[in-house]
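One-letter residues, chain by chain:
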Amino acid sequence: MAGRLYIPPYPADLPPDELFGSLATPALERQLRSELLVSANRAPRMPASMLRMEGPRLRLVPALWGLTPSWLEIMDHAPHVARAESLETRRMFRESFISQRALIPVGGVYVWKEQPRMKQPFLVTHPTRAPLLLAALWTRHFSAPLMEGLPPEGRDSFALISVECAGVTSRLTDRMPAVIAPHQVRDWLNAETPLETVRSMLTPNASLAAFPVARLVNDPEHQEWSVAHPTGPMLT
């Protein structure tokens, strides 16, 4: 399962309406181009940018990667991934799944393939290197900001939602974050969407690609963009 995210700057040549349709606004485009929290190697328990609905508008906000409801007493127990199969049965996830769904915009997801003598890291991406919109849940912690570096209102946190793998990713790992397609964005974020429809979006994605990267990515202290450079051919 993914433990790191690759979050490059938003592509200069990609109009937001290609990803978000009628939810795209000039304000959202300004946020994506100037406020997106970028990282070559984002680890859990760190802030990332999250897309969610605020009234009728889609907004980009900072949030902690690790779901932290107000009743959680030990921060190290905050899950950074929720299995799709447990969303409606676990107290940790149930309420957020019903009414507080979000998207995490990324350029790729790092996974590690078991090898005889080591684990080889791969970056899973869209075949064209277009952004991926990862399915997530969010919640709000009604106390002090969750960590230094988040703004005073930084009480929000999220967990990605994982599904079984298909296609190339099934040769690398057993689970991946669910990817929401552009035409599904509005329904995914709308709290009024029937849960049957929402569940149908959480399916394995067989269209992703992947390529090996240097083992420098194993250390989250390595934030240079070169950690995401291919060290071998792309698998499709």
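This one's a predicted model, so the numbers in the text were calculated from it and none came from an experiment. Each chain has its residues counted from 1, following the order in which its sequence is written. In keeping with the predicted nature of the model, local features appear solely for residues at pLDDT of at least 70, side-chain atom pairs appear and are counted solely at 80 or more, and the whole-chain, interface and lining totals rest on all residues. Side-chain metrics rest on all non-hydrogen atoms present in the structure, leaving aside hydrogens and water.

### Structural notes on the side chain of R175
Part 1: Helix numbers and strand numbers start at the N terminus; a helix is a DSSP run of H or I with at least 4 residues, a strand a run of E with at least 2. Its place among the elements puts R175 in strand β11 (residues 175-177).
Part 2: Here a polar contact is taken to be a pair of N or O atoms separated by no more than 3.5 Å, where protein atoms must pair a possible hydrogen donor with a possible acceptor and residues adjacent in sequence count only if both atoms sit in side chains. A polar contact of 2.8 Å, which involves the side chain of R175, links it to the side chain of E85.
Part 3: Looking at R175, its side chain comes within polar contact range of the side chain of S162, at 2.9 Å.

### Considering the packing of aromatic side chains
Part 1: Pairing of aromatic rings covers Phe, Tyr and Trp, the last counted by its six-membered ring, and requires centre-to-centre distances within 6.5 Å; plane angles under 30 degrees mean stacked, over 60 mean edge-to-face, and any other angle means tilted. Evaluated as defined, the whole model comprises two aromatic pairs.
Part 2: Each ring, one from Y6 and one from W225, has its centre 5.9 Å from the other, and the planes form 80 degrees; the classification is edge-to-face. Within this pair, whereas Y6 is found in strand β1 (residues 4-7), its partner W225 is found in the segment after β12 (209-212), the two being separated by 219 residues in sequence.
Part 3: Relative accessibility under 20% of the residue-type maximum defines a buried residue, over 50% an exposed one, and the middle range a partly exposed one, all with a 1.4 Å probe and only protein chains included. Residue class for Y6 comes out buried when judged on its relative accessible area of 12%.
Part 4: Judged by its relative accessible area of 36%, W225 falls in the partly exposed class.
Part 5: Both rings, one in W65 and one in F158, keep their centres 6.3 Å apart while their planes meet at 5 degrees; by these two values the pair is stacked. With W65 in strand β4 (residues 57-65) and F158 in strand β10 (residues 156-164), this residue pair connects regions lying 93 residues apart in the sequence.
Part 6: Exposure remark for F158: the relative accessible area of 0% places this residue in the buried category.

### As for the layout of surface pockets
Part 1: Here the largest pocket defines a volume of roughly 320 Å³.
Part 2: Every residue lining the largest pocket is counted, 20 residues in all, and those nearest its centre are H126, V179, I180, A181 and P182.
Part 3: Per-class residue counts for the lining of the largest pocket are 13 nonpolar, six polar and one charged.
Part 4: Site definitions follow a grid-based scheme: protein atoms alone, a 1 Å grid, a 1.4 Å probe that fits but cannot get out for cavities, and for pockets an open set with protein on both sides within 12 Å along at least five of seven lines, plus lining residues having an atom within 4 Å of a point. Grid points are joined across faces, edges and corners, and a volume is the space filled by probe spheres set on the points. Here the second largest pocket defines a volume of roughly 220 Å³.
Part 5: Among the elements of the structure, α3 (91-99) and β9 (132-140) are those that each provide at least two residues to the lining of the second largest pocket.
Part 6: The residue classification treats Ala, Val, Leu, Ile, Met, Phe, Trp, Tyr, Cys and Pro as nonpolar and Asp, Glu, Lys and Arg as charged. All others, Gly included, are polar. Looking at the lining of the second largest pocket residue by residue, the classes come out as six nonpolar, three polar and four charged.

### What to know about helix α2 (residues 26-34)
Part 1: Listed in full, the buried residues belonging to α2 are L28, Q31 and L32. All buried residues of α2 lie within an arc of 95 degrees about the axis, which places them on one face of the element. With respect to the buried face of α2, the exposed residues turned more than 90 degrees away are P26, R30 and S34.
Part 2: For α2, the secondary structure elements touched by its buried residues are α1 (17-20), β3 (47-54) and β4. Note that the arc is defined by the directions from the helix axis to the C-beta atoms. In what follows, residue pairs with any heavy atoms lying within 4.5 Å of each other are defined as contacts.

### Observations concerning the pattern of salt bridges
Part 1: Any Lys or Arg side-chain nitrogen found within 4 Å of a carboxyl oxygen on Asp or Glu counts as a salt bridge. Under the defined criterion, the tally for this structure stands at eight salt bridges.
Part 2: Linking R52 and D156 is a salt bridge whose minimum nitrogen-to-oxygen distance equals 2.7 Å. With R52 in strand β3 and D156 in strand β10, this residue pair connects regions lying 104 residues apart in the sequence. An identical accessibility class is assigned to R52 and D156; each is buried.
Part 3: Each of R52, E54, R59, R140 and D156 takes part in one network of salt bridges that share partners.

### Observations concerning empty space enclosed by the protein
Part 1: On inspection of all chains with the given rule, the structure shows one cavity of 30 Å³ or more.
Part 2: Lining the largest cavity are 13 residues, and of these V163, M176, P177, N205 and L208 sit closest to its centre.
Part 3: At the level of secondary structure, the elements contributing two or more residues to the lining of the largest cavity comprise β10 and β11.
Part 4: Looking at the lining of the largest cavity residue by residue, the class counts come to nine nonpolar, three polar and one charged.

### As for the side chain of T193
Part 1: For T193, the position within the fold is in the loop between α4 (185-189) and α5 (195-201).
Part 2: Those residues in contact with T193, other than ones at most four positions away along the chain, are R101, D187 and V198.

### Section: α3
Part 1: Regarding α3, the residues found buried are M92, F93, S96 and F97. End-on, the buried residues of α3 take up no more than an arc of 105 degrees, which puts them together on one face. Exposed and oriented more than 90 degrees from the buried face of α3 are R91 and E95.
Part 2: Residues of α3 that are buried in the fold lie against β5 (81-83), β6 (101-106), β9 and α5.

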